[in-house]
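A structural walkthrough
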Amino acid sequence: MFQTADMLRIFHAYRGDAIVVPGRGGRHWAQISTRPTRDVPVGDPAMGGHAGFALGLALARPAERVVLFDSEGDLLMSLGILPTVAELAPANFYHFMLDNECYATTGGQPVPNAKNVAYDVIARGCGYPRAFAFDELSELEAKLAGILGEPGPVFVALKVVPEVENVPIGQRTRWQTRTRDQVLAEFRKEFGLAR
Amino acid sequence: MAQTPATPAQADEAQLDPRLVLDEMKKNGVTHVVWLPDSETNFLYQLMEADPSLTLVPVSREGLAFSIAAGLATGGQHPIILIQNTGLMESGDSLRGWTIALQIPVVLMVGYRGWTRHGVNTDSAATYTERFLNAFGITYYLVETSADAPRISIAFEEARRTQRPVAVLMADEYHGFNR
């Protein structure tokens with residue numbers, strides 16, 4: 001397992017001008033990214049939907065690379081998204097998944113069969129042409145350029161250290177630097193899109 | 001109990017021409033159809049599949065359609081969601097979070113399983129459909145026959161104006177689920 005922030009710092013070197021949906025990695029990515037108008041940290045509108053949202057962005061903007069940092073809790077809620085991605089096969093879609101083996105934001109309760117799910121195997125079985133799994137950061141770092149340098153869709157499962165929160169939601173420190181409305185408005189402006 | 005039409009002429013009047021539905025989609029600039037097959041809207045499938053201006057995005061559970069549509073709309077495209085009322089009810093949190101909260105102007109074309117105008121409803125899917133939409137504050141338009149097709153454009157216009165999802169209930173009693 002490795003720290004999500006350490007992984008994101010390594011990814012940042014390869015990000016280029018990709019659109020990034022940071023998902024549960026948002027609190028760290030907000031401090032690392034130097035292209036915030038191409039980031040889409042929409043928070044957690046409804047659990048399980050990050051992959052669908054990022055897929056929609058990838059289909060809508062085929063000339064842009066779209067990188068998603070999904071989570072295993074989200075993906076378990078919507079495994080059916082995997083064959084949809086595989087059928088449409090957007091070459092610009094890079095599907096990373098943070099697997100901390102628990103629901104960190106609700107106190108760290110384990111996800112079902114937490115330590116024994118091979119998400120890369122599931123993705124490959126659903127039709128992703130390339131799928132990887134890493135639990136050592138050095139191994140990811142060695143292969144990241146190749147992963148991002150080839151066409152998608154690709155699935156990358158990452159074992160990360162849980163960052164468990166036990167403080168009641170209303171008492172947590174806000175990490176977001178922009179409101180959701182600001183995020184979407186700045187994204188549209190970046191791409192010259194009308195509301 | 002669903003009723004069957006008394007005469008062939010009555011049946012023709014009662015039907016909804018799928019070409020008109022497709023025309024309404026194209027008139028309103030739909031680019032992507034995010035959908036899960038259902039009995040009421042199956043008649044559209046072959047027409048949509050043959051139309052090069054539409055990209056079909058199949059989902060395996062209806063809730064997935066809402067986040068996909070949100071991503072498409074955020075990226076500048078014009079999706080429509082095509083699902084059955086049963087799946088709409090399954091999708092409550094995704095409808096709330098990914099379309100209402102993100103202010104996504106999307107039309108939900110919903111197969112109205114169990115709906116009957118002339119009979120007595122015996123399907124709880126129909127019983128709760130409009131109550132569900134009312135609970136989420138989603139306005140809706142009933143489309144039963146070809147004469148109702150222009151109401152689809154009204155729904156698109158309302159979605160654009162309000163930046164919210166708006167539903168069209170496809171209640172084709174005679175060649176949908178109730179046939």
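All of these numbers come straight from a predicted model, not from anything done at the bench.

1. Some points on the overall build of chain A
Each helix and strand counted, chain A has eight helices and seven strands in total. Overall, the C-alpha framework of chain A stretches about 45 × 45 × 30 Å when taken along its three principal axes. Sorting the 195 residues of chain A into buried and exposed places 42% on the buried side. Looking at chain A alone, contacts between residues at least 24 apart form 75% of all its contacts between residues at least 6 apart.

2. Thoughts on the nonpolar core
Counting residues in each nonpolar core, the largest one holds 97 residues, and the members touching the most others are B:A69 and B:I81. In contact with B:A69, not counting residues within four places along its chain, are A:G56, B:V34, B:P79, B:I81, B:T99, B:I104 and B:V106.

3. Structural notes on the sheet that holds strand 4 (residues 107-111) of chain B
Residues and elements named next belong to chain B. On the basis of which strands lie adjacent, the open sheet formed by six strands has the order 2-1-3-4-6-5 and parallel pairing. Each having just a single partner strand, strand 2 (55-58) and strand 5 (140-143) make up the two edges of the open sheet. Averaged over all pairs of adjacent strands, the angle between their axes in this sheet comes to 20°, without regard to strand direction. Looking at chain direction, strand 5 and strand 6 (residues 166-170) are connected through four bridges and run parallel. From the neighbouring strand, Y140 faces strand 6, where its bridge partner is A167.

4. Focus: helix 7 (residues 124-135) of chain B
All names here are of chain B. Its twelve residues place the ends of helix 7 16 Å apart at the C-alpha level, agreeing with the 16 Å of an ideal helix rising 1.5 Å per residue. Within helix 7, the full set of buried residues consists of A125, A126, T129 and L133. Down the axis of helix 7, the smallest arc covering the buried residues is 90°, so these residues share one side. Seen from the buried face of helix 7, the exposed residues on the opposite side, beyond 90 degrees, are S124, T127, R131, N134 and A135. Where helix 7 ends, the next residue or the one after it, G137, has phi of about 70°, a positive value.

5. Comments concerning the confidence of the model for chain B
Residues and elements named next belong to chain B. The pLDDT averaged across chain B works out to 89; a share of 87% of its residues lies at or above 70. Note on residues 1-11: pLDDT is under 50 here. Beyond four places in sequence and across chains, it has 14 contacts. If you check the scores for this complex, the pTM reads 0.94 and the ipTM reads 0.96.

6. Points about helix 1 (residues 4-12) of chain A
All names here are of chain A. By the burial criterion, the buried members of helix 1 are T4, M7, L8 and F11. With its buried residues spanning 100° around the axis, helix 1 presents them on a single face. Next to the buried residues of helix 1 lie helix 2 (26-32), strand 3 (93-99), helix 7 (137-149) and strand 7 (154-159).

7. Overview of the sheet that holds strand 6 (residues 130-134) of chain A
Residues and elements named next belong to chain A. With parallel pairing, five strands are arranged side by side in an open sheet as 1-2-3-7-6. The open sheet has two edge strands, strand 1 (19-21) and strand 6, and neither has a second partner. Geometrically, the sheet is characterised by an average inter-axis angle of 15° between neighbouring strands, direction not taken into account. Here strand 1 pairs with strand 2 (residues 66-71) via three bridges, running parallel. Each residue of the ladder has a partner; that of I19, found in strand 2, is V66.

8. Focus on the pairing of strand 7 of chain A
All names here are of chain A. By the bridge criterion, six bridges tie strand 3 to strand 7 in an arrangement that is parallel. Among the inter-strand pairings, M97 is bridged to a residue of strand 7, identified as A157. As judged from the five bridges shared by strand 6 and strand 7, these two strands associate in the parallel manner. What sits directly across from F134, in strand 7, is L158. After leaving strand 6, the chain enters helix 7 and then returns to the sheet as strand 7, a path that is right-handed.

9. Description of the interface of chain A and chain B
Reports often express the size of an interface as the amount of accessible area lost when the parts come together. Tallying the contact residues gives 24 residues for chain A and 25 residues for chain B. Residue assignment for the side of chain A that touches chain B shows that the elements contributing at least two residues are helix 3 (50-60), helix 5 (81-88) and helix 8 (180-190) of chain A. No other element matches helix 3 of chain A, which puts eight residues into the side of chain A that touches chain B. Residues of the side of chain A that touches chain B, tallied by class, amount to 16 nonpolar, six polar and two charged.

Conventions and cut-offs
Each residue is numbered by its place in its chain's sequence as written, counting from 1. The lettering of chains begins at A and the numbering of ligands begins at 1, in the order of writing. Where totals are concerned, whole chains, interfaces and linings use all residues; where local detail is concerned, this predicted model gives features only for residues with pLDDT of at least 70, and gives and counts side-chain atom pairs only at 80 or more. To qualify as a helix, a DSSP run of H or I must reach at least 4 residues; to qualify as a strand, a run of E must reach at least 2; elements of each kind are numbered from the N terminus. Counting other C-beta atoms within 10 Å of a residue's own tells you its class, since 20 or more makes it buried, 12 or fewer makes it exposed, and anything in between is partly exposed; those C-beta atoms are placed from the backbone. Residues are scored as being in contact if the C-beta atoms we place from backbone atoms lie within 7 Å. To count as a nonpolar core, a set of buried Ala, Val, Leu, Ile, Met, Phe, Trp, Tyr and Cys residues must be joined through C-beta atoms within 7 Å. When DSSP finds at least two bridges between two strands, those strands are taken to pair. Only the stretch in contact is used when a helix axis is fitted, and all axes are lines through C-alpha atoms; the angle between N-to-C directions ranges over 0 to 180 degrees. An expected span of 1.5 Å times one less than the residue number is assigned to each helix. What the arc measures is the spread of directions leading from the helix axis to the C-beta atoms. You can read pLDDT as the predictor saying how much it trusts each residue, on a scale of 0 to 100. We call a crossover right-handed when, viewed with the strands running away from us, the connection from the first strand over the helix to the second turns clockwise. Three classes are used, and their members are as follows: Ala, Val, Leu, Ile, Met, Phe, Trp, Tyr, Cys and Pro are nonpolar, Asp, Glu, Lys and Arg are charged, and the others, Gly among them, are polar.

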